[in-house]
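If you want the building blocks of each chain, they are given just below.
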Amino acid sequence: MRKRTMLSKSLLIAFSGTAAMSSGMVFAQEAPVQELQRVEITGSAIKRIDAETSLPVTIIKIEDLRKEGVTTIEQIVSRLVANQSTQGSSQSVGLGTGGASFANLRGLGQNKTLVLLNGRRLANNAIDSSAPDLNMIPFAALERVELLRDGASALYGTDAIGGVINFITRKDFTGGSITLGADSPQHPGGKAYNANVGFGFGDLSKDRYNLFGFVDYQKQDPLTAAQRPEINNRAIRTSGNTSPGQYNQGGATQNPSFPACGTPDGIQLGDGVKNANCGYLFSRQVDLVPTSERATGFLKGTLQLTDQHQLGLEYFISQNNNATKIAGVPYGALLVNPGTKYYPGNGITPLPTVFALNPAYFPFSAANPAPAGALPGLIKLRWRDTFSGGRQEETDNTQQRFIASLEGAVGGWDYRTAFSYNENKLTDKLIGGYTDGTIISPGVLNGTINPFGNQDAAGAALLSSALAKGTLFTAKGQVYSIDAQASRELGDWFKTGHPAAIALGAEFRREKFKEIGNPPFDNLVVSSTGFDPATDNEGSRNVAAVYAELNVSVLKELELTASLRYDKYSDFGDTTNPKVSFRYQPVKQFLVRGSYSTGFRAPSLFDINAPQTYTNTDVNFNDPLRCPGSANNQPPGGVAIPGVSPSDNCAIQFLRLIGGNKNLQPETSKNFTLGFVFEPVADFNAGIDFWWIKLKQQIAGLDDSFIFANPGKYAGLFHRAPDGSLSTDGSQCPGANCGFVSDLTANLGGVNTSGVDISVNYRLRTAELGNFTFGLNGTYVTKYEYQTEDGSAFLPNVGIYGAGVSSGGPVFRWQHALSVNWTRGAWGLGLVNHFKSDYVDQTPSNTVGSYTTWDTYATWKPTKAISLTAGVRNLLDTSPPFSNQAATFQVGYDPRFADPTGRTYYLRGIYSF
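Below, the structure is looked at part by part. (Residues numbered from 1 in each chain as written. Predicted model: local features only at pLDDT ≥ 70, side-chain atom pairs only at ≥ 80, totals over all residues. Heavy atoms only, no water.)

For the chain, the count of helices and strands is twelve helices and 46 strands. By the compact-globule yardstick of 29 Å for 913 residues, the chain fits well, its C-alpha radius of gyration being 30 Å. Taken over the C-alpha atoms alone, the chain extends approximately 100 × 55 × 50 Å along its principal axes. Sorting the 913 residues of the chain into buried and exposed places 58% on the buried side. (Helix = DSSP H or I, 4+ residues; strand = E, 2+ residues; numbered from the N terminus. Rg over C-alpha atoms; globule rule 2.2 N^0.38 Å. Buried < 20%, exposed > 50% of the residue type's maximum accessible area, 1.4 Å probe, protein only.)

This is the structure in structure tokens:
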């Protein structure tokens, strides 16, 4: 075996480190080691001496993350400066994501970052089959994380376009450990607790076996909008479904409570001259951070069969319960009978101060006819059910994986092979606030329910009887796989002192996906959920692959690597992807390396087979035909044409049809990297990596803002009801009177992105004061541009919120982590700065300011058995920068990129025995 040079020893730990972590986590160097065991590093199938790979791999130690108060995988990934995640746990609020959190390297989308556990795939999240849910990975059992910041389809196949994140558990463990921790924000709400227990026995070298396991529990209390009013009140986002309700009369919108508008959650919108309409501040009733409880169990046994062969059995199970709350159910197409006591003008409900009811005016006309059986004078009402409380949804998510593996060495080959079964199962339940529309609609029509004020006994009883609780749908994803690979040295072909090496591998996977609705229950709540009761969707595929990798030193200073993988899919065809890389080290203090590869992402089973369902547009629009006159058909502006209701056609969310497409083709990419490392002395290193990625045929639905901004171009996507309208209520679709915008998944245009990763690390050792470690890790994106469809112009997304299908948000120009750590004996201190640059907001009139937070911590290890950590996240109590984004239910900031919790104190204690 070769000895490591000073540069190669720190290469993976330092140069390739672009993770947004404190340098104290991974940059401390160990004492020199003369001989090292051959290992496999993420991105290569060849077992070799540690740190001799030519790939940009960052190694992150979990024990150092714990010092910063990190307790979840989502927190780990959010600290990676190469990451641009656009979905975290908080997006489950109102969006039905089940609390899933995803990685998104280079901003290319969560489905183009490959996430592995111990080098093998996990089952994708069952809701959308796009990627594994980070929250389901067993945090307590982890030893380290390896981040490959380069495309890797030539080794791993699909999804590895943006890079690979490999979470690696301990190989063995003996003894026991107990960890207890708590996070307590300075301001109300958002407390968190965690505990884990580990055990292990058996020494592989002496006893020939080892068995260990970890059990982990985490609980997150909710943080509500009411607990952070200074953030929530920055932005005014309203709904036309109000409480009290409002209706159209003679082409004008009226609300009987105008101008008070049912405060405190109502707001005056009309001028009191033409319209007396109100808006409902629904964002004041939402969770900023949802409630969650997560329990994980991990068990691994290893049997040393002989000196050269090991049998391994591994099982983990994670269960995550995520509960959210949003404002009460909105009803957009209720009817009020003029013969009932709550009909405006019948003496029960006060009239608007600026309007008198004119019986000659009805909200229906030839262009907007009344429903069959409607009585003269029937009014169409928009109302929000606040009596039943906020809508509460709960998702139970279970992830399991079992692996039986065999690895070792035979005939000069290092080999490993395994059978694995992965499963993700999800159940979505409505647990409060949702109501049965088949009870509500006739209750308003016949005058039992008062949509304009407080309920009497009969109304309250009917609303209580309409509460609907039950399972909305279940989803399940499964992956069965068998894999095998082997590597060996071939000899020193070019007499460089570095023998060539080869790896060969094969893989077979069976993927299955199924999503089933609960029709008896779903039919009751379709008007308040928009979920299609007929959902019964499934798909499956087989994937077979073979691959090879060859590493050759053609000169003493120059190493070349080539790899090739062939994948065959049963549902769309085959693909072949190569990769070549080099590593040139003329002197031990300097290294140059680079790579070129092609990549692909196969359309997921959900992309292909997802049910076609109706949902709201992301934001409010004006109907291009029935409310023309505004820029890009977005409010403000727009005037309803004669005879139609402004509240049904202007400044409102319309229904769109989304779902799968069986004619999708794979996304393809080309990746380039070029890096330089400089290490003049043992305790200082600096590195710079340039990267370029070109993506084609990306799979997504077209952003609805493009559809409405170009109604002529996309005229074929507008499917109008017989009266010419677009529907605004889930109860109207599907059906004969359904009007919608079609936005099915498709192969759209391309993405071009490039940038540079920077790493600088220095360690200062002193006999009297202890050791200091300084680190800077950053990513600067020089270009990110995207197309909305094939052949269209490229649009910029760096530092701009944009409307790109790939991100649905900004791509940050610059992100960094700046850190300093100190250790002396049993004590340690750390200070870390995390930074994201500013960007132009979704509404360009605003620029979202840069976001910087400081974290600090102290550690004390008085004995080998006891370790204590205390720290403060967001030391300066920095508030998230203001954003006018409308992609989430939370307002005033963007919860995908900023944390509303504020200054948070945490304490962790570990007892080992």
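Let us now look at the state of the cysteines. For the structure shown, the criterion picks out three disulfides. Between Cys-261 and Cys-278 runs a disulfide, and the two sulfur atoms are separated by 2.1 Å. On the sign convention where negative means left-handed, the S-S torsion of about -70° between Cys-261 and Cys-278 marks this disulfide as left-handed. In this pair, Cys-261 sits in the loop between β13 (252-254) and β14 (266-268) while Cys-278 sits in strand β15 (residues 278-280), placing the two residues 17 residues apart along the sequence. Each sulfur of the disulfide joining Cys-627 and Cys-650 lies 2.0 Å from the other. One disulfide, between Cys-627 and Cys-650, carries an S-S torsion of 115° and so falls in the right-handed class. Separated by 23 residues along the polypeptide, Cys-627 in the loop between β29 (613-616) and α11 (646-649) and Cys-650 in the loop between α11 and β30 (655-658) bring together distant segments of the chain. Residue Cys-627 shares its accessibility class with Cys-650, and that shared class is buried. Going through the chain in sequence order and numbering each bonded cysteine, the pairs you get are 1-2, 3-4, 5-6. (Disulfide = S-S within 2.5 Å.)

Taken in spatial order, the four strands line up as β29-β30-β35-β34 in an open sheet, and their pairing is mixed. Edge strands, defined here as strands with exactly one partner in the open sheet, are β29 and β34 (718-719). (Pairing = 2+ DSSP bridges.)

Let us look at the sheet that holds strand β3 (residues 57-61). Picture the strands of a sheet paired through backbone hydrogen bonds; they go either parallel or antiparallel. Across the sheet, which stays open at both edges, the five strands sit in the order β3-β6-β7-β4-β5 with mixed pairing between neighbours. Single-partner strands in this sheet number two, and they are β3 and β5 (120-121). Here strand β4 (residues 113-117) pairs with β5 via two bridges, running antiparallel. The residue bridging Leu-116 from the neighbouring strand is Arg-121, located in β5.

Quick look at the pattern of salt bridges now. Should the charged atoms of two oppositely charged side chains come close, the side chains can pair. One pass over the structure, following the stated rule, counts 37 salt bridges. The partner of Arg-509 in a salt bridge is Glu-511, and the shortest N-O contact between them spans 3.1 Å. A relative accessible area of 2% places Arg-509 in the buried class. Its relative accessible area of 13% is what places Glu-511 among the buried residues. The partner of Arg-601 in a salt bridge is Asp-607, with the nearest N and O atoms 2.8 Å apart. Like Asp-607, Arg-601 is buried. Each of Glu-507, Arg-509, Glu-511, Arg-541, Arg-565, Asp-567 and Asp-571 takes part in salt bridges that share partners, so that together they form one network. (Salt bridge = Lys/Arg side-chain N within 4 Å of Asp/Glu carboxyl O.)

A few words now on the packing of aromatic side chains. Within the structure shown, the criterion is met by 25 aromatic pairs. Measuring from centroid to centroid gives 6.3 Å for Tyr-331 and Trp-383, while their planes differ by 20°, and the two rings are stacked. Here the residue Tyr-331 occupies a position in strand β19 (residues 329-336), and Trp-383 occupies one in strand β20 (residues 379-385), the gap between them amounting to 52 residues. Assessed through its relative accessible area of 2%, Tyr-331 is described here as buried. Plain terms: the ring middles of Phe-812 and Phe-897 are 5.2 Å apart, the flat faces sit at 80° to each other, and that makes the pair edge-to-face. (Phe/Tyr/Trp six-rings, centres within 6.5 Å; stacked < 30°, edge-to-face > 60°.)

This part takes up a nonpolar patch on the surface. On the surface, a nonpolar cluster with roughly 860 Å² of combined accessible area is contributed by Ile-178, Leu-180, Val-197, Trp-827, Trp-860, Ile-866, Leu-868, Tyr-911 and Phe-913. Among the elements of the structure, β8 (175-185) and β45 (866-873) are those that each provide at least two residues to the nonpolar patch. Along the chain, Trp-860 turns up in strand β44 (residues 851-860). (Patch = residues over 30% accessible without salt bridge, like charges linked within 9 Å, V, L, I, M, F, W, Y side chains within 5 Å. Areas by Shrake-Rupley, 256 points an atom, 1.4 Å probe, with all protein chains shown as cover.)

Attention now goes to the nonpolar core. Ile-73, Ile-76, Val-77, Leu-134, Ile-137, Ile-165 and Phe-167 are the most contacted members of the largest nonpolar core, which has 29 residues in total. Counting 27 residues, the second-largest nonpolar core is a separate cluster that includes Ile-379, Ala-466, Leu-472 and Ala-475. (Core = buried A, V, L, I, M, F, W, Y, C linked by side-chain atoms within 4.5 Å.)

The next thing to look at is the side chain of Asp-567. Structurally, Asp-567 can be placed in strand β26 (residues 558-569). According to the relative accessible area criterion, Asp-567 is buried, its value standing at 0%. Within the structure, Asp-567 has its side chain in polar contact with the side chain of Arg-565 (distance 2.9 Å). With near-sequence residues (within four places) excluded, Asp-567 lies in contact with Gly-157, Val-543, Ala-544, Ala-545, Gly-573, Asp-574, Thr-575 and Phe-600. (Polar contact = N/O pair within 3.5 Å; in protein donor to acceptor, adjacent residues only side chain to side chain. Contact = heavy atoms within 4.5 Å.)

With that out of the way, let us pick up a positive patch on the surface. The grouping of Lys-670, Lys-694, Lys-696 and Lys-783 at the surface amounts to a positive patch. Looking at the element boundaries, Lys-783 is found in strand β38 (residues 770-786). By relative accessible area, Lys-783 is classed as partly exposed at 35%. (Lys, Arg positive; Asp, Glu negative; His and termini not counted. Charge placed at Lys NZ, Arg CZ, Asp CG, Glu CD.)

Note the cis peptide between Ser-243 and Pro-244, where omega equals 0°. Summarising the element assignment, Pro-244 is placed in the loop between α6 (229-232) and β12 (246-249). Pro-259 follows Phe-258 through a cis peptide bond whose omega is 5°. Following the sequence through the fold, Pro-259 ends up in the loop between β13 and β14. One non-glycine residue, Asn-118, lies in the positive phi region at around 55°. Secondary-structure assignment places Asn-118 in the loop between β4 and β5.

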